[in-house]
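Commentary on secondary and tertiary structure
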Amino acid sequence: MTKLSRDRDATTLHPRESLLATGNLGIVNAEVVMACDGCATIALDLRGTFSLTVVVEGSVDGTNWELIPVRRLNAAAIGYVASVAGTTAGVWVGKCGQYWKVRARASAYTSGTAIVSLAASAS
């Protein structure tokens, strides 16, 4: 069933299943930001050839950011981590219910470019 949500910056209601943002992380502090107001979960998909550290952060005001722990899908080790480090592509998920915006940011960078997709969903 389609969820009706209200934009934070507007008063109109619109149907929404999920939100998506894409971009590249190729330097330190590069980021991909998306509005996720009203969503419950966030998924981070990293692809490409890279060596860097990515943190997923959420904000209630668009200025102050807090860490969102994420866990890797389809991995033997089950547990939440504060950051995704190294060269391994994959998909990580976390909870974003209390945040207005979410971002994936390269907190450390060595080489390459990570192709990032962020998806937020009400489920």
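Residues numbered from 1 in each chain as written. Predicted model: local features only at pLDDT ≥ 70, side-chain atom pairs only at ≥ 80, totals over all residues. Heavy atoms only, no water.

1. Overview of the overall build of the protein
Broken down by element type, the protein carries 0 helices and 10 strands. Counted from the first residue to the last, the protein has its helices and strands arranged as β-β-β-β-β-β-β-β-β-β. A buried classification covers 34% of the 123 residues belonging to the protein. Sequence-distant contacts, at least 24 apart, represent 72% of the contacts inside the protein between residues at least 6 apart. Of the roughly 6,700 Å² of accessible surface on the protein, a fraction of 53% belongs to carbon and sulfur atoms. (Helix = DSSP H or I, 4+ residues; strand = E, 2+ residues; numbered from the N terminus. Buried < 20%, exposed > 50% of the residue type's maximum accessible area, 1.4 Å probe, protein only. Contact = heavy atoms within 4.5 Å. Areas by Shrake-Rupley, 256 points an atom, 1.4 Å probe, with all protein chains shown as cover.)

2. Observations regarding the nonpolar core
Counting residues in each nonpolar core, the largest one holds 27 residues, and the members touching the most others are Leu-25, Leu-44, Leu-46, Val-54, Val-102, Val-116 and Leu-118. Breaking this core down by element, the ones donating at least two residues are strand E3 (18–25), strand E4 (31–35), strand E5 (41–59) and strand E10 (101–121). If near-sequence neighbours (up to four positions away) are discounted, Val-116 is found in contact with Ala-21, Thr-22, Gly-23, Leu-25, Val-32, Leu-44, Asp-45, Leu-46 and Ala-104. (Core = buried A, V, L, I, M, F, W, Y, C linked by side-chain atoms within 4.5 Å.)

3. Here we look at the pairing of E4
Residues Val-32 and Met-34 of E4 are buried on one face, while the alternating residues Glu-31, Val-33 and Ala-35, pointing to the opposite face, are not. Of the pairings in the sheet, the one linking E4 to E10 comprises 5 bridges and is antiparallel in character. If you follow Ala-35 over to E10, its bridge partner there is Lys-101. (Pairing = 2+ DSSP bridges.)

4. A look at unusual backbone geometry
The phi dihedral of Asn-29 is positive, around 70°, even though this residue is not glycine. Counting through the fold element by element, Asn-29 comes out in the loop between E3 and E4. Note on Asn-29: relative accessible area 48%, which makes it partly exposed.

5. Concerning the packing of aromatic side chains
What the rule picks out here adds up to 0 aromatic pairs. Of note, Lys-101 hangs over the ring of Trp-100, and the distance from its end group to the ring centre comes to 4.8 Å. (Phe/Tyr/Trp six-rings, centres within 6.5 Å; stacked < 30°, edge-to-face > 60°. Lys NZ or Arg CZ within 6 Å of the ring centre and 35° of its normal.)

6. Structural notes on the pattern of salt bridges
Taken as a whole and judged by the stated rule, the model has 4 salt bridges. Glu-57 is paired through a salt bridge with Arg-103; the nearest N and O atoms lie 2.6 Å apart. You can see Glu-57 sitting in strand E5 and its partner Arg-103 sitting in strand E10, a full 46 residues away along the chain. When its relative accessible area of 12% is taken as the criterion, Arg-103 is described as buried. Salt-bridge contacts for Arg-105 lead to Glu-57; the nearest nitrogen and oxygen are separated by 3.1 Å. Residue Arg-105 is located in strand E10, and its partner Glu-57 is located in strand E5; the two are separated by 48 residues in the primary sequence. Among the ionic contacts, a cluster of salt bridges with common partners joins Glu-31, Glu-57, Arg-103 and Arg-105. (Salt bridge = Lys/Arg side-chain N within 4 Å of Asp/Glu carboxyl O.)

7. Considerations on the environment of Ala-30
In this fold, Ala-30 is placed in the loop between E3 and E4. For the pair Ala-30 and Ala-104, spaced 74 residues apart in the sequence, the C-alpha separation amounts to 8.4 Å. Leaving out residues up to four positions away in the same chain, Ala-30 has contacts with Asn-24, Leu-25, Ala-104, Arg-105 and Ala-106.

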